[in-house]
Amino acid sequence: MLLEVRNLSIDFKTSRGQIQALRDVSFQLSQGESLGFVGESGSGKSVTSLAIFDLLASNAVLRSGEILFQGRDILKMSEAEKQKIRGKDIAMIFQDPMTSLNPSFTVEYQIGEVLTEHLGLEKHQVRERTLELLSLVGIPDPQARLKTYPHELSGGMSQRVMIAMAIACNPKVLIADEPTTALDVTIQKQILSLLGKLRRELKMSLILVSHDLGVIAQNTDRIMVMYAGEVVETGESKGVIQGPMHPYTEGLLKCLPALHVHEPAGFRLPTISGIVPNLAERPQGCQLAPRCQYRQKNCEQVAVPTTELPSQKRQVRCFYPLQASKEIST
Amino acid sequence: MKEFWFLFKQNKGAVAGLFFVGLVTVFAILAPWLAPFEATFTDPSALRLPPVWMDGGSSTYLLGTDDLGRDQLSRLLHGARVSLGIGFFVVLFTTFFGVVIGLIAGSLGGKVDSVIMRLMDILMALPSILLAIVVVAVLGPSLLNTVIAVGIVSLPSVVRIVRASILVEKKKNYVVASQSFGAGWFRVYAINVLPNCVAPLLIQASFGFSDGILNAAALGFLGLGAQPPIPEWGTMLSDSRAYIESASWLVTTPGLCILLVVIAFNLLGDGLRDALDPKAKRN
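Summarised in this report is the structure supplied together with it. From a predicted model like this one, the values you see are computed outputs, not experimental measurements. (Residues numbered from 1 in each chain as written. Chains lettered and ligands numbered in written order. Predicted model: local features only at pLDDT ≥ 70, side-chain atom pairs only at ≥ 80, totals over all residues. Heavy atoms only, no water.)

**Description of helix H2 (residues 12–34) of chain B**
Residue and element names in this part refer to chain B. Heads up, the condition is: Only DSSP runs of H or I reaching four residues or more are called helices, and only runs of E reaching two or more are called strands; each is numbered from the N terminus. Working rule for helices: expected span equals 1.5 Å times residues minus one. To get the bend at any residue, fit one axis to the seven residues that end at it and another to the seven that begin at it, then take the angle between the two axes. Only protein chains enter the accessibility calculation, which uses a 1.4 Å probe. A residue is then buried if its area is under 20% of the maximum for its type, exposed if over 50%, and partly exposed in between. We call two residues contacting when some pair of their heavy atoms lies within 4.5 Å. Here a polar contact is recorded for every N or O atom pair within 3.5 Å, except that within protein the pair must consist of a potential hydrogen donor and a potential acceptor, and residues adjacent in sequence are included only if both atoms are side-chain atoms.
Along its 23 residues, H2 runs just 29 Å from first to last C-alpha, ending more than 12% under the 33 Å computed at 1.5 Å per residue. Of all bends in H2, the biggest is about 45°, found at Ala-28, and the proline Pro-32 comes one to four residues later. Along H2, the residues classified as buried are Ala-14, Gly-17, Val-21, Val-24, Ala-28 and Ala-31. Buried-residue contacts for H2 involve helix H1 (2–10), helix H3 (72–108) and helix H11 (249–276). At the N-terminal end of H2, a side-chain oxygen is found 3.3 Å from the backbone nitrogen of Gly-13, two or three residues along, and the residue is Asn-11.

This is how it looks when you write it as structure tokens:
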């Protein structure tokens with residue numbers, strides 16, 4: 001297994017006390033696979049991806065868990081070892097490309113920095129490789145772009161430069177944290193297909209983080225649905241989309257406008273009523289219980305364990321998984 | 001750069017300040033060639049001669065002579081060298097140490113930050129001239145020690161500015177991005193973050209120049225700065241204080257020089273701030 005996260009629990013110390021940002025998050029990522037994290041804001045998607053770099057804010061507390069990269073726990077590595085892995089074996093693309101590039105340096109310098117630091121390339125090699133990377137990410141006239149500063153680039157172009165930096169050292173894992181949220185829809189499509197293409201060509205594993213289930217479904221092999229810092233459902237993308245087992249996944253799917261194109265005008269999109277629980281005052285039992293239309297008595301009282309369904313390659317954190325109950329009822 | 005110059009040009013005072021600073025710098029550099037006499041050349045036959053436009057003035061000594069018969073104009077020109085030199089080295093000193101200390105405080109945070117900033121608060125709490133006197137008293141009066149003393153006095157403001165800008169930059173995405181690409185502490189802060197803090201530093205340097213000159217002149221006036229016969233403006237003021245009524249030009253000219261240079265640097269600093277600091281942009 002290339003990357004394996006086991007029972008990761010992370011707290012944040014805040015002025016309102018210690019809040020649990022991640023609870024018992026586990027997932028695996030194999031070579032060449034693409035995994036999608038879906039969930040609302042605050043569900044722990046970004047915290048999980050930053051945790052893989054061990055770059056959480058200083059008020060984060062690791063309660064339990066390990067992050068195994070090629071069998072070694074990243075959280076136990078020395079700072080120097082982590083720096084060797086960051087950007088070289090595991091690289092990240094951020095949500096807002098315009099602010100993720102350093103405004104004081106040229107495109108060439110910023111990509112070159114990664115190359116010299118990790119690969120120790122010579123000056124002329126850096127120039128060559130930078131040009132190669134820029135054309136690989138589909139930037140027209142790379143030669144002319146070398147000396148540009150980030151403020152001279154559009155959002156889509158900046159994100160392409162970010163991607164070029166991220167793939168500079170042929171990383172084994174590429175984490176894209178909402179890579180298209182700040183971009184408009186046409187650019188979004190281009191960037192996503194670029195990521196897919198690069199993943200196939202460079203044989204990378206990809207973690208795609210998004211709140212948009214549609215984006216995730218189209219671009220990943222497997223999906224991990226998160227809610228309030230917990231993983232509620234994991235499974236193959238196709239399977240999850242066609243037959244969601246967790247009520248939250250079902251709710252998310254029903255919210256997708258694309259599924260309702262045949263509805264008459266004036267049709268109101270369904271929503272998941274209620275709001276995400278305040279992480280400082282979590283519900284006792286199932287985190288979704290107050291918003292769940294299927295809830296039973298014990299949902300509100302007992303913490304829900306994750307159920308493995310090996311036949312469907314699915315893990316669900318629910319007492320009453322949807323399809324299973326349907327099977328029973330029919 | 002073009003935008004900077006456009007904004008800078010709109011501030012007429014700043015342009016005037018820049019012009020005057022440039023002029024004085026040229027005078028300072030060319031002083032040995034421009035000055036009609038050596039700074040230490042004495043003419044025993046012409047003691048306390050008034051400037052050329054006053055009764056009894058001589059065209060040999062355009063701004064008159066002092067109590068030892070030294071040409072006032074030559075001494076002022078050479079004094080420009082000393083004063084600007086002090087200003088330059090003070091700014092160099094404070095910027096270097098201020099950046100290093102501010103960078104450490106801002107990036108490490110926590111206890112290190114608290115200790116450094118409390119030390120800076122203590123330095124700031126002491127009246128600047130008193131602190132400078134203490135430093136000179138410990139190190140002994142000389143030109144170099146003047147630079148050190150004045151430098152220590154203006155260190156806290158630079159440290160504060162650097163730390164504040166680092167704290168602002170620290171929260172920006174590119175810092176995490178840079179860390180996620182495997183950059184260590186030094187690369188993240190000293191190489192990637194620092195260049196983004198240059199604007200406030202440049203403004204501070206301009207004000208630091210004038211503060212440095214002023215403080216050095218004050219030390220010189222108290223006899224703790226440059227020692228005679230070095231033609232430092234503050235020292236010249238102090239030497240001629242006894243003749244304030246009989247030969248007023250001896251006090252007026254170095255005083256005017258200090259005043260004009262300090263005003264010029266302050267105007268320049270204001271202009272830089274207007275042009276570089278986006279928060280101060282009004283339109």
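Continuing now.
**Digging into the side chain of B:Thr235**
Residue and element names in this part refer to chain B. Relative to the helices and strands, Thr-235 is located in helix H10 (residues 233–239). Among the polar contacts made by the side chain of Thr-235, one reaches the main-chain carbonyl oxygen of Ala-226 at a distance of 3.2 Å. Ignoring any residue separated from it by four or fewer positions in sequence, one finds Thr-235 in contact with Gly-220, Phe-221, Ala-226, Pro-228 and Ile-230.

**Some remarks on unusual backbone geometry**
Residues and elements named next belong to chain A. At Asp-24, a position not held by glycine, the phi torsion is positive, near 55°. Among the secondary structure elements, Asp-24 is positioned in strand S2 (residues 17–29). On the basis of relative accessible area, Asp-24 is assigned to the partly exposed category, the value being 33%. Of note, Glu-178 is a non-glycine position whose phi angle comes to about 45°, a positive value. Inspection of the secondary structure assignment puts Glu-178 in the loop between strand S7 (173–177) and helix H8 (185–202). Relative accessible area serves as the criterion here: at 7%, Glu-178 is assigned to the buried category.

**Quick word on the layout of surface pockets**
What counts here: Definitions used throughout: a 1 Å grid over protein atoms alone; a cavity as a set of points that fits a 1.4 Å probe which cannot get out; a pocket as an open set with protein on both sides within 12 Å along at least five of seven lines; a lining residue as one with an atom within 4 Å of a point. Grid points are joined across faces, edges and corners, and a volume is the space filled by probe spheres set on the points. In this classification, Asp, Glu, Lys and Arg are treated as charged, Ala, Val, Leu, Ile, Met, Phe, Trp, Tyr, Cys and Pro as nonpolar, and every other residue, Gly included, as polar.
Quantified by volume, the second largest pocket comes out at close to 920 Å³. As for the second largest pocket, its lining consists of 32 residues, of which A:Leu55, A:Leu56, A:Ala57, B:Val176 and B:Gln179 are closest to the centre. Elements supplying a minimum of two residues to the lining of the second largest pocket: helix H1 (45–53) and helix H2 (79–85) of chain A together with H3, helix H7 (173–180) and helix H8 (185–193) of chain B. Class assignment for the residues of the lining of the second largest pocket results in 14 nonpolar, 10 polar and 8 charged.

**A word on the sheet that holds S2(A)**
Residue and element names in this part refer to chain A. Keep this limit in mind: Pairing between two strands requires that DSSP report at least two bridges joining them. The axes are straight lines fitted to the C-alpha atoms, using for helices just the contacting stretch, and the angles between their N-to-C directions are given from 0 to 180°.
The 4 strands are arranged S2-S1-S4-S5 in an open sheet whose pairing can be described as antiparallel. At either margin of the open sheet sits one strand with a lone partner, and together these are S2 and strand S5 (72–73). Strand direction decides the pairing type here: strand S4 (residues 60–69) and S5, joined by 2 bridges, are antiparallel. Counted as the bridge partner of Leu-68 is Asp-73 from S5. Docked against the sheet, H1 engages strand S1 (3–14), S2 and S4, running at close to 75° with respect to S2.

**Remarks on the side chain of A:Ser100**
For A:Ser100, the position within the fold is in helix H3 (residues 97–100). Polar side-chain contacts of A:Ser100 include one of 2.8 Å to the backbone oxygen of A:Asp96. Ignoring anything within four residues of it in the chain, the contact list for A:Ser100 reads A:Phe94, A:Met162, B:Asn173, B:Tyr174 and B:Ala177.

**Things to note about the nonpolar core**
Applicable threshold: Here the nonpolar core consists of buried residues drawn from Ala, Val, Leu, Ile, Met, Phe, Trp, Tyr and Cys, with membership extended through side-chain atoms lying within 4.5 Å.
Counting residues in each nonpolar core, the largest one holds 91 residues, and the members touching the most others are A:Phe27, A:Ile90, A:Ile111, A:Ile163, A:Leu174 and A:Ile207. If near-sequence neighbours (up to four positions away) are discounted, A:Ile111 is found in contact with A:Thr130, A:Leu133, A:Leu134, A:Val161, A:Ala164 and A:Met165. Membership of the second largest hydrophobic core comes to 30 residues, among which are B:Leu84, B:Phe207, B:Trp233 and B:Val251.

**Here's the deal with the interface of chain B and chain A**
Which entries qualify depends on this criterion: What counts as buried area is the accessible surface, traced by a 1.4 Å probe, that two parts surrender upon association, with contributions from both included. Whenever a carboxyl oxygen of Asp or Glu lies within 4 Å of a side-chain nitrogen of Lys or Arg, that contact is scored as a salt bridge.
Contact with chain B, which involves 16 residues of that partner, is made by 26 residues of chain A. Buried area between chain B and chain A, both sides added, is near 1600 Å², and the carbon and sulfur share of it is 57%. When the buried area of chain B at its contact with chain A is split by residue, B:Ser180, B:Phe181 and B:Arg187 rank highest and sum to 39% of it. At the junction of chain B with chain A, the criterion picks out 2 salt bridges. Among the secondary structure elements, those contributing two or more residues to the side of chain B that touches chain A are H7 and H8 of chain B. Top element by residues in the side of chain B that touches chain A is H7(B). It accounts for 6 residues. Residues of the side of chain B that touches chain A, tallied by class, amount to 8 nonpolar, 7 polar and 1 charged.

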